[in-house]
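Each chain, written out:
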Protein chains: 2
Amino acid sequence: MQAEIITIGDELLIGQVVDTNSAWMAQRLNEAGVKVIRKSTVGDHPEHMLDAISKGMERSDLVLLTGGLGPTKDDRTRDVLCRFFDCGLVTNQAVLDGLERYFGARGRAVSDTNRDQARVPEKCTAIFNHHGTAPGMWFEDGGHILVSMPGVPYEMKAMMDGFVIPQLRERFALPHVVHYTITTIGIPESHLSDLLSTWEQKLPNRYALAYLPSPGLVRLRLSCYDAHAVEQAEMLQLLEEMKQLVQSYLFSTGEQLPEQIIGEMLRIRQHTISLAESCTGGFISHLITSVPGSSIWYMGSSISYANEVKTTFLGVDSSVIESKGAVSEEVAKAMAEGIRAKLSTTWSLATTGIAGPGGGSPEKPVGTVWIALSGPNGTVTKLCRFGDNRLRNIQMTAMTAFKMLRDAMEA
Amino acid sequence: MQAEIITIGDELLIGQVVDTNSAWMAQRLNEAGVKVIRKSTVGDHPEHMLDAISKGMERSDLVLLTGGLGPTKDDRTRDVLCRFFDCGLVTNQAVLDGLERYFGARGRAVSDTNRDQARVPEKCTAIFNHHGTAPGMWFEDGGHILVSMPGVPYEMKAMMDGFVIPQLRERFALPHVVHYTITTIGIPESHLSDLLSTWEQKLPNRYALAYLPSPGLVRLRLSCYDAHAVEQAEMLQLLEEMKQLVQSYLFSTGEQLPEQIIGEMLRIRQHTISLAESCTGGFISHLITSVPGSSIWYMGSSISYANEVKTTFLGVDSSVIESKGAVSEEVAKAMAEGIRAKLSTTWSLATTGIAGPGGGSPEKPVGTVWIALSGPNGTVTKLCRFGDNRLRNIQMTAMTAFKMLRDAMEA
């Protein structure tokens, strides 16, 4: 099965928004054994949309559209699909009921504009939108499938995972593609590649290894594109070899995010955590609390940009800050131990550093970060020297802290 | 002048890499008055590349290609361009000299593989690559222009700014495009559209209005596509009208993010801020500290998931938590006032709510959030009823809190 992705919206063509949807969709399709052969972006212009859709439907078995489904006048996808499939609009009662629940829960009435969103092309199957107001639409025509989804990433993602991918798997004999993913932290992509290249070259043809970097971590995805023909033992053997080669950087196996892994490890052990963040400014707390149920293992944090917060809330000795500097091993250690004692948690993490772009000095350049982890067996610290990108320094610090915590819990 | 962008590479079609090049290029072209009407991505597959190139050259005055110019066998753009323009390769002495300087400066000889990169299609003008080894190529054919550039972002950007854009400006009378952006908070896209639709319908043809929603906010972009012919007064008048119509939801004018606006407002006033976050779990602190220089206006935060943190760090009366519940106006108010007093800041924000998916009750369903803002004129509170998506509830709370703060500072 060959697919293509068409993203719609003037904002994509003037460069105001980077299209991250299509990369995410391509990943999901790829995992399901669907090959993406092309991506296109057109503006909110009916003739351009029609052209892209008709070319796509000629070339590919599956065409996925995102965007142009909002309730406003610059959203034209629905009308273009009516033209392309030569049909009119009908009100879909299930969608309308959903809109009434959606706005009711928010204490608002359904406006006429929103009521209009319950009107869908006669020839489509409506896909319920659990997170927004515009339904998705599934069309079939001459053996080709077209699916139109909203451009809002979390609305689109929920439809892909909840409906589109399961439908494709159920109805078509997709090749049996198996992916194994591991997450590494603390090693750049190019160094990982050096570690793995000899092994990678010897991989049988039906396997492919992909490097998927995001800030502070690199995921490695080993894919077998003909898993029907392969013994599971062979795949597990290769996976084991790969894990061995990157062992000291290995964070986790599987698709879960580091904060999900950390949460799960804490939950299973009935451990708790608190944080004292300086240079990360709340980012680690945000990651930890983005996981549902985190109130079980997460107690709280103190974020201390001003030194007085370090002394007032965490009991850090102000003479230590003066003599060693706020960015020092001693202060990181005192912060971690201070918050752990105050909130009586099993573990605590502390960060203090120079995220940049300002604040660097020859001895402590931008990117210098101290991380401390305090736990049942005492406190360990780590000095990191990251780069000059503020946001990236924050992200790298968070991932490195998670790696320290994971290693300590595993020990 | 109409343009399209074609990005080439298998890595873009399996979702391994997010294409940020094309958004950047589109921005630059748009600023120069060149309208981008389409973007396409194809893999390293000659027939697919040829198809995309020939369609692009039919449709558009200018086709910009990136990718597929490396020295390895999976880089096929140059050969495909020779086929398309029906010509052979010739060694370009200036490019070869440049390669010798490039490798000479790095203490290396030019390899045969790299020497081959100095061979360019006869019919093109080579574009010198100041940051890498693959030259760009500029072709003209029947009034259409095709420019091929490397996919490495900083190599491509240097060619765009150093050669392509200046050439286009010099040789063509490009129109003058002007964009104005405003940010609104607290109103969904559909309701904004209801507010603006009458006005929008009366906009002269040369204007376009785009709605750009992201979690918790909607940006409105008014574009004038023929600013040469228009008095600036006309544009400013329209912008003023638009701002009037959305006035109570208006957050800011321009492209800056809410946290940048907040930081700038605090900095100018020499005000400071502290935060007491519960349901937002550090996200607001993270946004505030993502802005360079925020250590000037931001002192610190207490993140209190556990009730004991609210009493210990913020001095919230535990009997109030017991009688009113942690998610209550009284607790939000006490949190804001507690952190403001402890850290002696001009302003403080507090959040307490049920982010979900668990923790809801009939009286306080998931999505119920209390926000409190404490400042020189006392404390104000706001009850929000968001939806059932945890991350979105966190984001919406942050944006709503920023709006409360902005309004109070403006008052």
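Rules used throughout
- Residues numbered from 1 in each chain as written.
- Chains lettered and ligands numbered in written order.
- Predicted model: local features only at pLDDT ≥ 70, side-chain atom pairs only at ≥ 80, totals over all residues.
- Domains from an automatic or database assignment.
- Contact = placed C-beta atoms within 7 Å.
- Nonpolar A, V, L, I, M, F, W, Y, C, P; charged D, E, K, R; others polar.
- Pairing = 2+ DSSP bridges.
- Helix = DSSP H or I, 4+ residues; strand = E, 2+ residues; numbered from the N terminus.
- Axes fitted to C-alpha atoms, helices over the stretch in contact; angles between N-to-C directions.
- Buried ≥ 20, exposed ≤ 12 C-beta atoms within 10 Å, placed from the backbone.
- Expected span 1.5 Å × (residues − 1).
- Parallel < 35°, antiparallel > 145°, perpendicular 65-115°, else oblique.
- Left-handed = near helix turned anticlockwise from the far one by under 90°.

Enquirer: Requested: an account of the domain arrangement of chain A, with residues and values cited.
Expert: All names here are of chain A. The assigned domain composition of chain A is domain 1 (2-171), domain 2 (178-253) and domain 3 (258-410). Taken over C-alpha atoms, the centre of domain 2 sits 30 Å from the centre of domain 3. Between domain 2 and domain 3, the contact holds eight residues from the first and 11 residues from the second. The class makeup of the residues in the side of domain 2 that touches domain 3 is four nonpolar, four polar and no charged.

Enquirer: Describe in detail the sheet that holds strand β2 (residues 35-42) of chain A, supporting the description with residues and values.
Expert: In a beta sheet, neighbouring strands pair by backbone hydrogen bonds and run either parallel or antiparallel. Taking strand neighbours across the sheet as the criterion, the 12 strands line up as β6(A)-β7(A)-β8(A)-β3(A)-β1(A)-β2(A)-β2(B)-β1(B)-β3(B)-β8(B)-β7(B)-β6(B) in an open arrangement whose pairing is mixed. Every other strand in the sheet has two partners, leaving β6 (125-127) of chain A together with β6 (125-127) of chain B as the edge strands with one partner each. Taken over all neighbouring pairs, the strand axes of this sheet differ in orientation by 15° on average, direction set aside. With seven bridges joining them, strand β1 (residues 2-8) of chain B and strand β2 (residues 35-42) of chain B adopt parallel strand pairing. Its bridge partner lying in β2(B), B:I6 is registered against B:S40. Where helix α4 (residues 77-85) of chain A meets the sheet, it contacts β1 (2-8), β3 (62-66), β7 (136-141) and β8 (144-149) of chain A, and its direction lies at approximately 15° from that of β7(A). Strands in contact with helix α2 (residues 21-31) of chain B are β1, β2 and β3 (62-66) of chain B; relative to β1(B), the strand with the most contacts, it is inclined by about 160°.

Enquirer: Report on the interface of chain B and chain A, specifying residues and quantitative values.
Expert: Counting residues at the interface gives 65 residues for chain B and 69 residues for chain A. Looking at the side of chain B that touches chain A residue by residue, the classes come out as 25 nonpolar, 29 polar and 11 charged. As judged from the five bridges shared by strand β14 (residues 298-304) of chain A and strand β14 (residues 298-304) of chain B, these two strands associate in the antiparallel manner. Within the sheet, the bridge partner assigned to A:S304 lies in β14(B) and is B:G300.

Enquirer: Can you explain the environment of B:G378? Please cite residues and give values.
Expert: Residue and element names in this part refer to chain B. Looking at the secondary structure, you find G378 in strand β17 (residues 378-385). Taking the number of C-beta atoms within 10 Å as the measure of exposure, G378 has 9 and is therefore exposed. For the pair G378 and L168, spaced 210 residues apart in sequence, the C-alpha separation works out to 57 Å.

Enquirer: Break down helix α10 (residues 258-269) of chain A for me, citing the residues and quoting the values.
Expert: All names here are of chain A. Compared with an ideal rise of 1.5 Å per residue, which puts 12 residues at 16 Å, α10 spans 17 Å between its outermost C-alpha atoms and is within 8% of the ideal. Listed in full, the buried residues belonging to α10 are P258, I261, I262, G263 and L266. At its buried positions, α10 is contacted by β9 (178-185), β11 (217-224), β12 (250-253), β13 (273-277), α11 (283-289) and α15 (390-410). At the exit of α10 stands Q270, carrying a positive phi of roughly 55°.

Enquirer: Account for the packing of helix α8 (residues 189-201) of chain B against helix α9 (residues 232-245) of chain B, with residues named and values stated.
Expert: When two helices pack together, you describe them by how their axes are tilted relative to each other and by the distance separating the axes. Residue and element names in this part refer to chain B. Relative to each other, α8 and α9 sit at 155°, their axes nearing to 10 Å. Considering the angle they form, α8 stands roughly antiparallel to α9. For the element pair α8 and α9, the recorded crossing hand is right-handed. In this structure, α8 uses L195, L196 and W199 to contact α9, whose residues at the interface are E241, M242 and L245. When its residues are assigned to classes, the contact of α8 with α9 shows five nonpolar, no polar and one charged.

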